[in-house]
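For reference, the chains in residue letters:
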Amino acid sequence: MTQASPPPQTSREQLAEARVRFLQAEPVDSAAVRKPILASWWRSRDWHVAADRVDLDFLHEPDLETTLARSAEPVLHKLHEELSGQPISIILCDADGLVLSRLTGDHDLERALDGIKLAPGFSYAEDRVGTNGIGTALEAGGPAHVFGHEHYAEALDRFGCAGVPIHDPVSGKTVGVIDLTCWRKDADPLMISLVKATADQITQALVTASSSRDIELLQEYVRASRRTGGIVLALGNDVVMLNDHARTLLDPADQAALIGHATEALARRRTGAVTVDLPSGVVARMSCRRIGRDSPFADGVVHIKLASTVAGAVNVPAPRSPMCLPGLVGSAVLWLRACRETEALYHTADWFTLEGEPGVGKLALARAVHQRRNPASPFHVLDAESAGPDWLVKSRRELLDGRGMLVIRHVDALNARQMHALASALGEARAAGRQAELRVAVTLNRKQATADLTRLLRFFHGTVELPPLRHHIEDLHELVPFFLARLSQQGRLTCSTEAMQLLLRHSWPGNTEQLWQVLRQVVQRRRAGAITPRDLPPECWTVSRRLLSPLEAIERDAIVQSLQDHDGNKVRAAEALGMSRATIYRKIHEYGIVTTGS
């Protein structure tokens, strides 16, 4: 593969002009911009990244005790010595783009990097600063080099950078990225080769550092896969391995369900075959074998045989799912883990935080745990999103005089002054020994925080991360009938298999709250019988992973409705909407609209 060189002067001028035209929403000469860069520009625009400035908040002190940081340290220091005196910076980041360490051999370059906050504790994820060697490598899942005006943010066009993701040698998961950054004028193809070689050295160091536990699991998995022609899973230390048969024969919901059942069986040391009914209606026979008879870890290899498919499953009302906590359903591994961790923190009487995307169920989980553990005591909620002039006064009064449980929602919405005042009230309550009478939890989404959370969060010793719905999508098989039972009378409304498949394909950027609102809309139009795909609102006919603007949502709804009116015929739907065939095809792809016709 040929290495890309920094563009010559004439190309740089064309690139700068193309960037300006893109930012002004004018047509761009595709020959002037490399395809990966143009794709990154589009993502940066969708994320509403500022192009005229780099304005980042310090997130937190990086954890330098991770396996990645420890394994990379000798590799990076050796490279730093080899580049001594050269105007080049060696930057290691985690899988979220947070800078862990930076080694720079030139004082002028170091000051310049401080000026753009490319420093430990700040994130250079693409959704924060736009196109750059770190964030773009993470988004693309492979090497990325960005020179000069290829950067989305104007403040970065003085620099050239090249980044390569680093993958865990056992699980294959991205664990970080290594980046080399220099002045634009000094960038050359050797930098790309050098960063790739450095990434390979770090990966080899990770192999050496990998625990014998993971290596043993990998060896057992390989042996099992060679011996059997069927489905094989391996579960271990944050590692899940599936062979080709598992990926081919099982849909994602069935895979997730089997992983959940296998995890439970291994943890309880169950022996012998277990029969499992999968969400798709398939019946599976599962045999689990733990690795290390006396090991305290629930690592193991799982063999699965598919027995049969349940006939006549369409439109049959699902049985009422057992509740993991009062008012909550779901049996996916990630969801149950969050429930158990929250209940354990509540039991210790310590204050804790519930984190996650909007709509994942943070408040519902806190309420359910309190209802199970201490139903007779009060449960109060304060919402920082609606913080008025007397909000902080109410918060302080609750913290000093309240009892039972207090949940402070959306603390990420507080500004710096409000955050400081709330932290002072929490400190006052802690000093007064209020933990015995009052349990306090805060909910937040770190990505939406506008002020530094560090001082506030030091009062909360436990944190539970709630998974987005797309990461436990198999729970729709329990959530949908549970919500329908609450919304419709006497359980007269069920969900057809076709409608459920459409719901399972949706990525649910608004999470469980979005699912609830969708089903509320459906129930307003259909009171009984089976929900069909045509009963679902247009948003369920898309697989887009971003929330659309109001204007985009109106356009998407119109396209979906026209496609339904014309039995999926795209040409007739385009004519009815007064748009060209090319436009409707582009919009269908852009919005991720699921189509059934031609």
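If you're wondering where the values come from, they're calculated on a predicted model, not measured in any experiment. (Residues numbered from 1 in each chain as written. Predicted model: local features only at pLDDT ≥ 70, side-chain atom pairs only at ≥ 80, totals over all residues. Heavy atoms only, no water.)

Draft legend 1. Local environment of the overall build of the protein. Helices and strands together make up the secondary structure of the protein, namely 21 helices and 17 strands. Within the span of the protein, comprising 598 residues, buried residues form 48% of the whole. Considering only residue pairs separated by 6 or more positions, the protein has 65% of its internal contacts joining residues 24 or more positions apart. (Helix = DSSP H or I, 4+ residues; strand = E, 2+ residues; numbered from the N terminus. Buried < 20%, exposed > 50% of the residue type's maximum accessible area, 1.4 Å probe, protein only. Contact = heavy atoms within 4.5 Å.)

Draft legend 2. Layout of helix 20 (residues 570–577). Restricting attention to buried positions, one finds in helix 20 the residues Lys-570, Ala-573 and Ala-574. Projected down its long axis, helix 20 carries its buried residues within an arc of 100°, all on one side. Of the exposed residues in helix 20, the ones pointing more than 90 degrees away from its buried face are Glu-575 and Ala-576. By the N-cap criterion, in which a side-chain oxygen at the helix start approaches the backbone nitrogen of a residue two or three places on, helix 20 is capped by Asn-569, the distance to Val-571 being 3.1 Å. Gly-578, located one to two residues past helix 20, shows a positive phi value of around 75°. (Arc of directions from axis to C-beta. Polar contact = N/O pair within 3.5 Å; in protein donor to acceptor, adjacent residues only side chain to side chain.)

Draft legend 3. Up close: the sheet that holds strand 5 (residues 174–183). If you walk across this open sheet you meet the 5 strands as 2-1-5-4-3, and the pairing is antiparallel. Single-partner strands in this sheet number two, and they are strand 2 (99–104) and strand 3 (144–147). This sheet shows a mean twist of 15° between the axes of neighbouring strands, independent of strand direction. As judged from the 9 bridges shared by strand 4 (residues 159–167) and strand 5, these two strands associate in the antiparallel manner. Bridge assignment links Gly-163 to a residue of strand 5, and that residue is Asp-179. Against the sheet, helix 6 (residues 133–140) contacts strand 1 (88–94), strand 3, strand 4 and strand 5, and its axis sits at roughly 145° relative to strand 5. (Pairing = 2+ DSSP bridges. Axes fitted to C-alpha atoms, helices over the stretch in contact; angles between N-to-C directions.)

Draft legend 4. Quick look at the layout of surface pockets. Empty space within the second largest pocket amounts to approximately 780 Å³. Broken down by secondary-structure element, the contributors of at least two residues to the lining of the second largest pocket are helix 12 (362–373), strand 14 (438–444), helix 16 (476–487) and helix 18 (511–525). Counting residues per element, the lining of the second largest pocket draws most heavily on helix 12, which supplies 6 residues. (1 Å grid on protein atoms, 1.4 Å probe; cavity = no way out; pocket = protein on both sides within 12 Å on 5 of 7 lines; lining within 4 Å. Points joined across faces, edges and corners; volume = space filled by probe spheres on them.)

Draft legend 5. The arrangement of helix 17 (residues 497–505) in detail. Burial in helix 17 covers these residues: Ala-499, Met-500, Leu-502, Leu-503 and Leu-504. Buried residues in helix 17 make contact with helix 16, strand 16 (493–495) and strand 17 (529–531).

Draft legend 6. Structural detail: the sheet that holds strand 11 (residues 352–355). Strands sit in the order 12-13-14-11-15 across an open sheet of 5 strands; the sheet is parallel. In this open sheet, the two edge strands, each paired with only one partner strand, are strand 12 (379–383) and strand 15 (462–465). Strand-to-strand twist in this sheet, taken as the mean axis angle between neighbours without regard to direction, amounts to 20°. In this structure, strand 12 lies alongside strand 13 (residues 404–409), joined through 5 bridges in parallel fashion.

Draft legend 7. Representation of empty space enclosed by the protein within the structure. The tally for this structure, following the rule as stated, stands at 1 cavity of 30 Å³ or more. Approximately 80 Å³ is the volume found for the largest cavity. Every residue along the wall of the largest cavity is listed here: Ile-116, Leu-118, Tyr-124, Asn-132, Gly-133, Ile-134, His-151, Leu-156, Phe-159, Cys-161, Asp-179 and Thr-181. Contributions of two or more residues to the lining of the largest cavity are made by helix 6, strand 4 and strand 5. Across the lining of the largest cavity, the residue classes break down as 7 nonpolar, 4 polar and 1 charged. (Nonpolar A, V, L, I, M, F, W, Y, C, P; charged D, E, K, R; others polar.)

Draft legend 8. Structural view of the pairing of strand 15. Only one face of strand 15 is covered, namely the face carrying Gly-462 and Val-464; the face carrying Thr-463 and Glu-465 is uncovered. Judged from the 4 bridges that link them, strand 11 and strand 15 form a sheet pairing that is parallel. Among the inter-strand pairings, Phe-352 is bridged to a residue of strand 15, identified as Gly-462.

Draft legend 9. Expanded view of the environment of Val-440. Looking at the secondary structure, you find Val-440 in strand 14. Looking at Val-440, the relative accessible area reads 0%, which means it is buried. Sequence separation between Val-440 and Met-405 is 35 residues, and the spatial gap between their C-alpha atoms is 5.9 Å. When neighbours within four sequence positions are excluded, Val-440 is seen to be in contact with Trp-351, Phe-352, Leu-399, Leu-406, Ile-408, Leu-426 and Phe-460.

Draft legend 10. Seen up close, the nonpolar core. By size, the foremost hydrophobic cluster in this structure holds 36 residues, and its most contacted members are Leu-476, Val-480, Leu-484, Leu-503, Trp-508, Leu-515 and Leu-536. Taken together, the elements giving at least two residues each to this core come down to helix 16, strand 16, helix 17, helix 18, helix 19 (550–565), helix 20 and helix 21 (581–591). Ignoring anything within four residues of it in the chain, the contact list for Val-480 reads Cys-495, Met-500, Leu-503, Leu-515 and Leu-519. (Core = buried A, V, L, I, M, F, W, Y, C linked by side-chain atoms within 4.5 Å.)

Draft legend 11. Spotlight on the state of the cysteines. All told, the structure shown has 0 disulfides when counted by the stated rule. Of the cysteine sulfurs around Cys-161, a residue in no disulfide, the closest is that of Cys-182, at 8.4 Å. Accessibility expressed as a relative area gives 5% for Cys-161, which makes it buried. (Disulfide = S-S within 2.5 Å.)

Draft legend 12. Representation of the packing of helix 11 (residues 333–347) against helix 12. It is the contact of helix 11 with helix 12, at a shortest axis distance of 10 Å, that shows an interaxial angle of 55°. Relative to helix 12, helix 11 is oriented oblique. The chirality of how helix 11 crosses helix 12 is right-handed. Taking contact as the criterion, the partners of Ala-338, Cys-339, Thr-342, Glu-343, Tyr-346 and His-347 in helix 11 are, on helix 12, Leu-365, Val-369, His-370, Arg-372 and Arg-373. (Parallel < 35°, antiparallel > 145°, perpendicular 65-115°, else oblique. Left-handed = near helix turned anticlockwise from the far one by under 90°.)

Draft legend 13. The arrangement of the pattern of salt bridges in detail. Scanning the model with the defined rule gives 21 salt bridges in all. Notably, a salt bridge pairs Arg-102 with Glu-110, separated by 3.4 Å at the nearest N-O pair. By relative accessible area, which is 14% here, Arg-102 ends up buried. The class of Glu-110 is partly exposed, set by a relative accessible area of 26%. Look at the salt bridges and you will find they share partners, linking Arg-102, Glu-110 and Asp-114 into a network. (Salt bridge = Lys/Arg side-chain N within 4 Å of Asp/Glu carboxyl O.)

Remember, this is a structural readout, not a statement about activity or role.
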